[in-house]
Amino acid sequence: MNTELNECIRRQLVADRYLSARNAGAISTQLNVEDPLLGLKPGVLKHREEYEVDLLVSPLFTPSMEDRAACEPSLPLEGLAADQERLIITAMGALNLKCKVVFGDQSMLMDIPDVAIERHVHLLRLGVSVSAEVKDILGRLLRGADLNLGMSYARSQIWKQFPHLLRQCLEMMAARNLFDLEKFGFLRDFVRSYHPKDMGLLIQSLKNLVEAYRIDNDRPVFNQQLEDHQATAIRSAQCDENVEKYRVKMANDLLEIFAGAA
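Treat the numbers as computed from the prediction; the structure is a model and nothing was measured. (Residues numbered from 1 in each chain as written. Predicted model: local features only at pLDDT ≥ 70, side-chain atom pairs only at ≥ 80, totals over all residues. Heavy atoms only, no water.)

J.: Outline the pattern of salt bridges, listing residues and values.
T.: Applying the stated criterion across every chain, the model contains 14 salt bridges. In this structure, Arg155 and Glu72 form a salt bridge, with 2.7 Å as the shortest nitrogen-oxygen distance. With Arg155 in the loop between helix H9 (144–154) and helix H10 (163–175) and Glu72 in the loop between helix H5 (65–71) and helix H6 (82–94), this residue pair connects regions lying 83 residues apart in the sequence. Assessed through its relative accessible area of 3%, Arg155 is described here as buried. One salt bridge in this structure joins Lys183 and Asp180, with 2.6 Å as the shortest N-O distance. Residue Asp180 is classed as partly exposed on the basis of its relative accessible area of 26%. When salt bridges with common partners are traced through the structure, they connect Glu7, Arg10 and Arg11 into a single cluster. (Salt bridge = Lys/Arg side-chain N within 4 Å of Asp/Glu carboxyl O. Helix = DSSP H or I, 4+ residues; strand = E, 2+ residues; numbered from the N terminus. Buried < 20%, exposed > 50% of the residue type's maximum accessible area, 1.4 Å probe, protein only.)

Okay, here's the thing in structure tokens:
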């Protein structure tokens with residue numbers, strides 16, 4: 001058993017959770033309670049169907065990139081086998097874990113449902129492998145917590161489809177001394193949205209993004225609800241000015257790095 005990894009995940013699960021207004025409203029509506037915290041009291045959720053519990057608590061148990069990075073020191077390059085991940089889920093469930101849920105100035109201790117544990121552990125992507133070549137490149141560029149975060153970006157599910165593209169991008173970023181974690185994180189999100197299978201298609205997709213924003217500036221449309229829904233999707237054209245500027249800058253920075261590669 002990977003004791004260090006288990007303890008890392010246990011700490012993540014029992015960390016304080018903060019209800020957003022949207023999540024609180026969904027809980028109040030679905031469970032027919034005035035105070036959403038009442039709906040999370042011990043004994044209430046266990047009488048609901050598993051899929052209902054998953055929908056209600058999933059926003060509270062979606063691991064961040066920092067959570068994934070924290071697991072990196074305990075993960076082998078090849079990742080964990082499915083049975084090892086299942087053992088972690090079983091072990092966490094046996095601990096009868098609780099976490100504090102905060103809404104406004106009120107809080108309560110919630111029994112962490114098994115479905116929430118399974119979701120959190122599954123979304124840590126513990127089974128995704130990273131090649132020795134990629135680890136070597138990142139190891140030359142990063143140290144400590146930065147290396148853990150870089151490895152977690154590299155361990156994203158999307159790179160399983162495009163391992164050669166990942167290595168090529170990192171090699172070019174390193175060779176031109178233009179690597180940084182922010183660009184790497186944006187690149188990961190961009191590839192996850194557009195699925196370019198090679199460097200030529202990646203460059204063309206980046207150019208298309210920049211051109212699309214240039215054209216849309218002549219007829220801007222902004223829908224906050226849509227942008228919130230697509231907060232992690234690079235595809236969204238309906239965003240505020242700061243988000244647009246950021247995306248265009250990142251795309252242009254990557255185009256500078258990959259110039260001449262197609």
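J.: Can you lay out the packing of aromatic side chains for me, pointing to particular residues and giving the numbers?
T.: On inspection of all chains with the given rule, the structure shows five aromatic pairs. Both rings, one in Phe186 and one in Phe190, keep their centres 6.2 Å apart while their planes meet at 25 degrees; by these two values the pair is stacked. Note that Phe186 and Phe190 are positioned in helix H11 (residues 181–194) at a spacing of four residues, about one turn of the helix. By the burial criterion, Phe186 is buried, and Phe190 matches it. A centroid spacing of 6.2 Å and a plane angle of 80 degrees characterise the contact between Phe186 and Tyr246, whose relative ring orientation is edge-to-face. Separated by 60 residues along the polypeptide, Phe186 in helix H11 and Tyr246 in helix H14 (residues 241–258) bring together distant segments of the chain. (Phe/Tyr/Trp six-rings, centres within 6.5 Å; stacked < 30°, edge-to-face > 60°.)

J.: I'd like a description of the nonpolar core, backed by residues and values.
T.: Ranked by size, the top nonpolar core spans 41 residues in total, and within it Leu138, Trp159, Phe184, Leu187, Leu202 and Phe258 carry the most contacts. The set of elements that each furnish at least two residues to this core consists of H5, helix H8 (132–141), H9, H10, H11, helix H12 (199–216) and H14. For this core, the leading source of residues is H12, giving seven residues. Not counting the four nearest positions on each side in its chain, Phe258 is found in contact with Cys169, Met172, Met173, Arg176, Leu187, Met199, Leu202, Ile203 and Leu206. Formed by 35 residues, the second largest nonpolar core is a distinct cluster that contains Leu37, Ile89, Leu97 and Leu124. (Core = buried A, V, L, I, M, F, W, Y, C linked by side-chain atoms within 4.5 Å. Contact = heavy atoms within 4.5 Å.)

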